[in-house]
Amino acid sequence: MRVVIVGAGILGSSVAYHLSLNRDVAITVIDEAHQGKATLAGAGIVCPCASKVTDPDFYRFYAAGGAYYRPLVSALKEKGETEFGYRQVGALVLADTDEQLQEIEARVLPRVANVPEAGEVRRVGAAEIKAMFPPLRDGLSALYIPGGARVEARGLAGAMMRAAQANGAQLHQGHANITAEGSRAIVKLDGKVIDADLVVVTAGAWVNQTLTNIGASIGVVPQRGQIVHLRVKEETIDWPVLLPQGSHYMLAFDDNRVVVGATRENGVGFDCRLTAGGQAEVLNFGLALAPGLADATHIETRVGIRPMAESVKPLIGHLSGFENILIGNGLGAGGLTMGPLAGKLLSQVALGQTPDLDLTPYAVRSL
Ligand code: FAD
């Protein structure tokens, strides 16, 4: 079977990797690397049990995505791929008041009750919190989730793609032009047809533009995120992920780097500018929570465009009206957590196998 994958973010790279484990599949990946590619900007928090997701189907996918990291990381390690910053540093779900802490416990504790990988989830006080993440302000309390993790998404996508290429997958840079003859999709790169029995479209926020020539569209809209990277003097390798109330957060990586995120900007389309307001929003949040970062060096601000599904849930499955198009999309703000598993599930659908998770709630609706 010849499969063409359009888009190599975390999702397309995962599809390529999982399909490449089957030697009967010839894989071509085409990636345009748009400015704003979400996987290049994503923070890298993997801690679904702390999320405020309420839809049970969405949470099932989210949690399964987090749990899939362990087997994936060890499979990639066996292939010599270790450089993607994955580490279970733990997560602190922060509270200002006892009432907030109780709300957090009510949300998180039932989710981790039968999940040994979450570790011993417990309350921690101000002194312990400051010892774990020294720049923080005083007076915080938190629920500590030892199993919370972080990952360098661009590194992980690269590792999965390299593993796929080692198994024979071909990667091309450029724009995949999709047209149709009847109900069959045709993919062209630089004017040349790339033969395909199946086309897997993992084009992130650019999916509707990619499907426009065939008159299809799915309910996905772009959401801009601006995220700030800082360098500090302290050793940050073990610093936990910080999840305060609200949508902002903070985390650290091995190279004295602290990442503060992120804006969630709707209605700005594919405008990838760094804005004064976006920078201010993120930095004001960061310095209010962690005044000790005031002297940190600003390294860069990344901008990514999240693919937001109207249903809020991931979209995985066949595109109706076309016999050879599969879609993977709608990973929204949790795509680094769900992307590797979503790619595995999509590869199972591509191979005609029963997916590990019932995909009925995540069916793709063509508008
Ligand atoms: P993308 O990574 O955007 O990849 C799509 C690719 O398709 C692009 O390379 C694009 O160029 C290519 N493409 C599109 N059309 C074509 C075409 N016609 N031909 C060829 N190529 C094409 N998630 C978490 O779980 N945890 C986090 O901490 C987290 N933090 C985030 C912080 C920010 C600031 C942002 C923006 C996102 C964050 N996310 C996080 C979400 C996550 O990054 C995204 O959901 C995920 O990266 C989406 O992956 P994707 O592969 O669907 O899309």
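About the criteria used
Residues numbered from 1 in each chain as written. Predicted model: local features only at pLDDT ≥ 70, side-chain atom pairs only at ≥ 80, totals over all residues. Heavy atoms only, no water. UniProt positions renumbered as here; feature names shortened; annotations may be inferred. Pairing = 2+ DSSP bridges. Helix = DSSP H or I, 4+ residues; strand = E, 2+ residues; numbered from the N terminus. Axes fitted to C-alpha atoms, helices over the stretch in contact; angles between N-to-C directions. Near = heavy atom within 4 Å. Polar contact = N/O pair within 3.5 Å; in protein donor to acceptor, adjacent residues only side chain to side chain. Areas by Shrake-Rupley, 256 points an atom, 1.4 Å probe, with all protein chains shown as cover. Nonpolar A, V, L, I, M, F, W, Y, C, P; charged D, E, K, R; others polar. Domains from an automatic or database assignment. Buried < 20%, exposed > 50% of the residue type's maximum accessible area, 1.4 Å probe, protein only. Contact = heavy atoms within 4.5 Å. Buried area = accessible area lost by both parts, 1.4 Å probe. Salt bridge = Lys/Arg side-chain N within 4 Å of Asp/Glu carboxyl O. Right-handed = clockwise from strand over helix to strand, strands pointing away.

The name given to the protein in an unreviewed UniProt entry is FAD-binding oxidoreductase, with Chelativorans petroleitrophicus as the source organism. Taken directly from UniProt, the Sequence similarities (unreviewed entry) text for the protein runs: "Belongs to the DadA oxidoreductase family." Looking at the Cofactor (unreviewed entry) heading of the UniProt record, one finds this comment for the protein: "FAD".

**Focus: the sheet that holds strand 11 (residues 192–194)**
Think of a sheet as strands paired side by side through backbone hydrogen bonds, with each pair either parallel or antiparallel. With antiparallel pairing, the three strands of this open sheet are ordered in space as 9-10-11. At either margin of the open sheet sits one strand with a lone partner, and together these are strand 9 (176–181) and strand 11. For this sheet, the mean inter-axis angle between neighbouring strands, taken without regard to orientation, is 40 degrees. Bridge analysis of strand 10 (residues 184–189) against strand 11 gives three bridges, and the strand direction is antiparallel. Residue pairing across strands places Val187 opposite Ile194, the latter belonging to strand 11.

**Some remarks on the site of the ligand**
Of all residues adjacent to the ligand, which total 40 residues, the nearest are Asp31, His34, Thr39, Gly332 and Thr337. The separation between an oxygen atom of the ligand and a polar main-chain atom of Ile10 is 3.3 Å. Taking 1,000 Å² as the accessible area of the ligand by itself, protein coverage stands at 99%. Considering only residue class, the shell around the ligand consists of 19 nonpolar, 17 polar and four charged. There are two domains that each give the shell around the ligand at least three residues, and those are domain 1 (2–41 + 154–220 + 311–362) and domain 2 (88–148 + 221–307).

**Quick word on the UniProt feature "domain: FAD dependent oxidoreductase" (unreviewed entry) in the protein**
Under the UniProt annotation, the feature "domain: FAD dependent oxidoreductase" (unreviewed entry) is placed at residues 2–348. The straight-line gap between the two end C-alpha atoms of residues 2–348 is 15 Å; of that span, 31% is helix and 29% is strand.

**Structural notes on the environment of Ala252**
Among the secondary structure elements, Ala252 is positioned in strand 15 (residues 249–253). The buried category is assigned to Ala252, whose relative accessible area is 0%. When sequence neighbours within four positions are dropped, the list of residues in contact with Ala252 reads Arg150, Thr236, Trp239, Arg257 and Val258.

**Brief notes about the domain arrangement of the protein**
Split into domains, the protein comes out as domain 1 (2–41 + 154–220 + 311–362) and domain 2 (88–148 + 221–307). In this structure, domain 1 and domain 2 have C-alpha centres spaced 30 Å apart. In this complex, domain 1 contributes 17 residues to the contact, which on the side of domain 2 involves 12 residues. In total, about 1,200 Å² of surface goes out of reach between domain 1 and domain 2, with carbon and sulfur atoms giving 62% of it. It is Ala41, Ala205 and Val220 in domain 1 that bury the most area against domain 2; as a group they hold 37% of the surface buried on that side. For the pair domain 1 and domain 2, the interface holds zero salt bridges. Here domain 1 is connected to domain 2 by two residue pairs in polar contact (both at pLDDT 80 or more). Among the elements that make up the side of domain 1 that touches domain 2, the one with the highest residue count is helix 2 (residues 38–41) (three residues).

**Some words on the sheet that holds strand 1 (residues 2–6)**
Strand order in the open sheet made by the six strands is 8-2-1-12-20-19, with mixed pairing throughout. The outermost strands of the open sheet, each flanked by one partner alone, are strand 8 (170–173) and strand 19 (315–318). Each strand axis lies, on average, 15 degrees off the axis of its neighbour in the sheet, ignoring direction. Relative to strand 2 (residues 26–31), strand 1 runs parallel, the two sharing five bridges. Bridge pairing in strand 2 places Val6 opposite Ile30. Strands strand 1, strand 2, strand 12 (198–201) and strand 20 (325–329) of the sheet are contacted by helix 1 (residues 10–20), whose axis makes an angle of about 160 degrees with strand 1.

**Topic: the pairing of strand 1**
Taken across its five residues, strand 1 has four buried, putting it largely inside the fold. Taking the sense of rotation as the criterion, the β-α-β connection linking strand 1, helix 1 and strand 2 turns out right-handed. Examined bridge by bridge, strand 1 and strand 12 share four bridges and lie parallel to one another. Its bridge partner lying in strand 12, Val3 is registered against Leu198.

**Remarks on the pattern of salt bridges**
Scanning the entire structure with this criterion turns up 23 salt bridges. The shortest N-O distance in the salt bridge between Arg123 and Asp98 comes to 3.2 Å. Note that Arg123 is positioned in strand 5 (residues 122–124) and Asp98 in helix 4 (residues 98–112), a separation of 25 residues in sequence. The class of Arg123 is partly exposed, set by a relative accessible area of 39%. A residue is classified by how much of its surface remains accessible, and Asp98, at 41% relative accessible area, is partly exposed. A salt bridge links Glu105 to Arg123, with the shortest nitrogen-to-oxygen separation between them at 2.8 Å. Of this pair, Glu105 sits in helix 4 while Arg123 sits in strand 5, and the two are 18 residues apart along the sequence. Members of the salt-bridge network, linked through shared partners, are Glu152, Arg231, Asp255 and Arg257.

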